[in-house]
Amino acid sequence: MVDKNCLLQIFGSLMKRPLYLSETDKFNLTPDDFYYRFDKYLFIAIDTLFRNGAQRIQPIDVENYLQSDGVAAAIFKQQNGIEYLQDAITLADDGNFPYYYNKLKKINLLNSLNSKGIKTDQFFVEDGITSEALQINAKFEQLSIEDIIASVKK
């Protein structure tokens, strides 16, 4: 399960305010938090650019960084990376980063539980078109990671 809009917000926020990456007591992101290679490459580029002194990151910075890796550069081009990151910067409100960070971490937790054979459809329904699914997904927004873990332990 992947929330593309959540990722768009995270990447846009990190490019506008890379200092979030230094707040490791609140936000701890790694490449493993991202499912697709394209997203992993974007995160690695943004994180490395920040760690090397970038204070605001533009799509061209990410593209330039990825040029040193032929596979990453090809995937970036194939996925229209420049346009994607331009949209991310335009659409993201970096003040909402904590919300999207928590949502990403909850989705990652559900993915991890699913990979271990633990059913998670009581927390989130991917194709939420029924009224019951909509209710479950609305509750998901209110749940914390700790709530999910406590419920699974029961």
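Residues numbered from 1 in each chain as written. Predicted model: local features only at pLDDT ≥ 70, side-chain atom pairs only at ≥ 80, totals over all residues. Heavy atoms only, no water.

Colleague: What is the right way to read the layout of surface pockets from this model?
Modeller: A water-sized probe rolled over the atoms picks out the places where empty space is left. For the largest pocket, the calculated volume is near 170 Å³. Lining the largest pocket are 13 residues, and of these D33, F34, Y35, N108 and N111 sit closest to its centre. Each residue belonging to the lining of the largest pocket can be placed in one class, and the counts come to seven nonpolar, three polar and three charged. (1 Å grid on protein atoms, 1.4 Å probe; cavity = no way out; pocket = protein on both sides within 12 Å on 5 of 7 lines; lining within 4 Å. Points joined across faces, edges and corners; volume = space filled by probe spheres on them. Nonpolar A, V, L, I, M, F, W, Y, C, P; charged D, E, K, R; others polar.)

Colleague: Hey, could you run me through the side chain of K103 in this one?
Modeller: With respect to the helices and strands, K103 occurs in helix α6 (residues 97–115). Here K103 falls in the buried class, since its relative accessible area comes to 13%. In this view, K103 contacts D3, C6 and E141; residues no more than four positions away in its chain are not counted. (Helix = DSSP H or I, 4+ residues; strand = E, 2+ residues; numbered from the N terminus. Buried < 20%, exposed > 50% of the residue type's maximum accessible area, 1.4 Å probe, protein only. Contact = heavy atoms within 4.5 Å.)

Colleague: I tried to follow the packing of helix α3 (residues 59–66) against helix α5 (residues 81–91) on my own but got confused; where do I start?
Modeller: Two measures define how a pair of helices packs: the angle their axes make with one another and the distance between the axes. Contact pair α3 / α5: the axes reach a minimum separation of 9 Å and the direction vectors enclose 145°. Relative to α5, α3 is oriented so that their crossing is right-handed. For the pair formed by α3 and α5, the contact residues are P59, I60, V62 and E63 on the first element and I82, L85, Q86 and I89 on the second. Of the residues in the contact of α3 with α5, the class split is six nonpolar, one polar and one charged. (Axes fitted to C-alpha atoms, helices over the stretch in contact; angles between N-to-C directions. Left-handed = near helix turned anticlockwise from the far one by under 90°.)

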